[in-house]
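# Tertiary structure, described
Single-letter residue listing:
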Amino acid sequence: MFNRIVVSLLALIIILIGGMGTYSYLLNQRLDVLNEELNEKLRISQEEQAIGIGDVADKLEVFKDEALDGINRLAADLAENRAENAAEIIYLEETIDDNLDTIYSVRLALQGDINDLSGELSKSLLDAGDLYEEVVGAVVRITDGERVIGTGFLIDNAGHVMTAHHVIESLTDIEVVLTDGSIYSADVTGSSRISDIAVLTLDRIPDVTPLEFADSAGVTIGQPVVAIGNPFEISETLTAGIVSQLNRFIEIGGNSQAQWVANLIQFDAAVNFGNSGCPLFNSRREVIGMVVARIGPELGDGINYAVSSNKLNRVSKELISDGTFDYPWLGVVPLDLTPKAALDLGLASINGVLIGEVVPGSPAETGGIEVDDIIISMDGQEIRTVEELSSFLGEFASPDQAVSVVLLRDGASLELTVVIGSRSS
């Protein structure tokens, strides 16, 4: 029984060993097949990779060639641009050098003008104290031998003194006192009531530097001014202010001898009785006007008037040479336009002078000017007010002078030629 079991086990073992051998053989065969397949795939893969690497290498070679070509072109462009830029830089440097030379030359040329302008600016700053010291010696007191009536000032080296007509019009004896106290007798050389200007001649020539006239056409509103006169017999008094307005036309005096005077500078430097005839100075120590009037103290203060220096210069020359001044005369009664009158006449502004009356036989009538005409310019100068009309006649027109007059008549513009007449001083 035991033997049968042993034999059965041995048989089973033999069968198992045989099966395992068979399996092992078959497995080895399968492994060999798989190994061959794997080797084949590896071979194919290697071949494909070799081909791919070759393609990549070819592409890299092409890219390298293209990159090198691009780099070479860029280098060539940079070299060319460098050459062009170098030429431009040289041109710019030369241009800058030329401009610097030009700027330097201009600067040298302008340096004198700059210095002159600096001097002008310094002069424009009014130093009243220095001005007073330089000019006060030429400012004089006009007296009747007992009291100071007004003020005057020396205008030349021939002993001529200018003052206001209304200062000397009632004097029979005139004594002039200088700042050093010296006394001079004076005679009236000539006088113009219409201009309120008089020129005296001293009995001897004082050793004093005369004053100089400015061009009053250059006077501007707001510029500083100084007046030196003898208010209330307080001699050589200085007051300062500014120009308030130009070309005023006012009535001087309140009696039968009252006179309308043109070409007046309005200013606010304080003046009082006794200042009449005193000089009004600009910052250059030049006379821009002569004080003739002020608003009455019962009406207000700070509004004073001086005859313009251009008119002073013009009138004084004729007074010295002829003893009289033939005042330009148009022969009309001029009126300022009111807003209502302007609107009634169909005008858009009040600029212009309305003719209220034409004197028979006057230059205006002869020249064709009629009542209700509106004068808007004379010899190219705009005429907006009666003040401007009167100032034009007093400063720019002369007797026997032909003047172009532009006016409006019934809404239409008309140009006439009028020969200016004259009236006695």
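Small disclaimer: the values here were computed from a predicted structure and weren't measured.

## Observations regarding the overall build of the protein chain
Counting its regular elements, the protein chain contains 7 helices and 20 strands. For the protein chain, long-range pairs separated by at least 24 residues make up 61% of all intrachain contacts whose partners lie at least 6 apart in sequence.

## What about the sheet that holds strand 10 (residues 279-281)?
Adjacent strands of a sheet pair through backbone hydrogen bonds, lying either parallel or antiparallel. Spatial strand order, 7-8-9-12-11-10: 6 strands in a closed barrel with antiparallel pairing. In this sheet, neighbouring strand axes are inclined to one another by 55 degrees on average, regardless of whether the strands run parallel or antiparallel. Here strand 11 (residues 287-294) runs beside strand 12 (residues 304-308); their pairing, made up of 5 bridges, is antiparallel. Residue pairing in the sheet places Met290 in a bridge with Val307 of strand 12.

## Some points on unusual backbone geometry
Residues other than glycine seldom take positive phi values, yet Arg285 does so here, at roughly 70 degrees. Residue position: Arg285 is located in the loop between strand 10 and strand 11. Although it is not a glycine, Asp379 sits at a positive phi angle of roughly 50 degrees. Along the chain, Asp379 falls in the loop between strand 16 (374-378) and strand 17 (381-382).

## Details of the packing of aromatic side chains
Inspection of the entire model under this criterion finds 5 aromatic pairs. Plain terms: the ring middles of Phe153 and Phe213 are 6.5 Å apart, the flat faces sit at 75 degrees to each other, and that makes the pair edge-to-face. Separated by 60 residues along the polypeptide, Phe153 in strand 2 (residues 148-154) and Phe213 in the loop between strand 6 (197-202) and strand 7 (224-229) bring together distant segments of the chain. Residue Phe213 is classed as partly exposed on the basis of its relative accessible area, which comes to 22%. Look at Phe249 and Trp260: their rings are 5.2 Å apart centre to centre, the planes differ by 35 degrees, and that puts the pair in the tilted class. Of this pair, Phe249 sits in strand 8 (residues 237-252) while Trp260 is found in strand 9 (residues 259-267), placing the two residues 11 residues apart along the sequence.

## A word on the confidence of the model for the protein chain
Taken as a whole, the protein chain shows an average pLDDT of 84; of its residues, 76% reach a score of 70 or greater. Confidence scores differ between elements of the protein chain, with helix 1 (residues 2-124) showing the lowest mean pLDDT of 65 and strand 3 (residues 160-163) the highest of 98. In the predicted structure, residues 117-124 sits below a pLDDT of 50 and forms 5 contacts with residues beyond four places in sequence or in another chain.

## Quick word on the pattern of salt bridges
Under the criterion given, the structure shown has 10 salt bridges. Arg294 is the salt-bridge partner of Asp301, the closest N and O atoms lying 3.5 Å from each other. Where Glu388 meets Arg384, a salt bridge forms, and the shortest distance between an N and an O atom there is 2.6 Å. The exposure class of Glu388 is buried, given its relative accessible area of 15%. Arg384 sits in the partly exposed class, given a relative accessible area of 37%. Each of the salt bridges in this network shares a partner with another, and the network as a whole consists of Glu370, Asp373 and Arg409.

## Remarks on the pairing of strand 8
Relative to strand 8, strand 7 runs antiparallel, the two sharing 6 bridges. Bridging from a neighbouring strand, Ile228 pairs with Leu238 of strand 8. By the bridge criterion, 6 bridges tie strand 8 to strand 9 in an arrangement that is antiparallel. What sits directly across from Gln245, in strand 9, is Gln266.

## Brief notes about the pairing of strand 11
Counted residue by residue, strand 11 has 7 buried out of 8 residues, so it is predominantly covered. Two successive antiparallel strands, strand 10 and strand 11, enclose a turn made up of 5 residues, where Arg285 displays a positive phi of approximately 70 degrees.

## Structural notes on the packing of helix 4 (residues 309-322) against helix 7 (residues 386-395)
In the contact formed by helix 4 and helix 7, the axes pass within 10 Å of each other and the chain directions differ by 40 degrees. Here helix 4 lies oblique to helix 7, going by the angle between them. Two secondary-structure elements touch here, helix 4 through Asn310, Lys311 and Arg314 and helix 7 through Leu393, Gly394 and Glu395. Looking at the contact of helix 4 with helix 7 residue by residue, the classes come out as 1 nonpolar, 2 polar and 3 charged.

## With respect to the sheet that holds strand 4 (residues 174-177)
With respect to topology, 6 strands assemble into a closed barrel ordered 1-2-3-6-5-4, the strand pairing being antiparallel. Each strand of the sheet is rotated relative to its neighbour by a mean of 40 degrees, with strand direction disregarded. Sheet topology note: the strand 5 (residues 183-192)/strand 6 ladder contains 6 bridges and is antiparallel. The partner of Ser192 across the bridge, within strand 6, is Ile197. Helix 4 rests against strand 3, strand 5 and strand 6 of the sheet, and its axis sits at about 50 degrees to strand 6.

## Quick look at the side chain of Ser182
Among the secondary structure elements, Ser182 is positioned in the loop between strand 4 and strand 5. Under the relative-accessibility criterion, Ser182 is labelled buried at 19%. Side-chain polar atoms of Ser182 contact the side chain of Asp180, separated by 2.6 Å.

## Comments concerning helix 4
For helix 4, with 14 residues, the first-to-last C-alpha span of 20 Å sits near the 20 Å given by 1.5 Å per residue. Residues Ser309, Lys311, Leu312, Arg314, Val315, Ser316 and Leu319 constitute the buried set of helix 4. Among the residues trailing helix 4, Gly323 stands out with phi positive, at a value near 85 degrees.

So, how was this worked out
Residues numbered from 1 in each chain as written. Predicted model: local features only at pLDDT ≥ 70, side-chain atom pairs only at ≥ 80, totals over all residues. Heavy atoms only, no water. Helix = DSSP H or I, 4+ residues; strand = E, 2+ residues; numbered from the N terminus. Contact = heavy atoms within 4.5 Å. Pairing = 2+ DSSP bridges. Axes fitted to C-alpha atoms, helices over the stretch in contact; angles between N-to-C directions. Phe/Tyr/Trp six-rings, centres within 6.5 Å; stacked < 30°, edge-to-face > 60°. Buried < 20%, exposed > 50% of the residue type's maximum accessible area, 1.4 Å probe, protein only. pLDDT = per-residue confidence, 0-100. Salt bridge = Lys/Arg side-chain N within 4 Å of Asp/Glu carboxyl O. Parallel < 35°, antiparallel > 145°, perpendicular 65-115°, else oblique. Nonpolar A, V, L, I, M, F, W, Y, C, P; charged D, E, K, R; others polar. Polar contact = N/O pair within 3.5 Å; in protein donor to acceptor, adjacent residues only side chain to side chain. Expected span 1.5 Å × (residues − 1).

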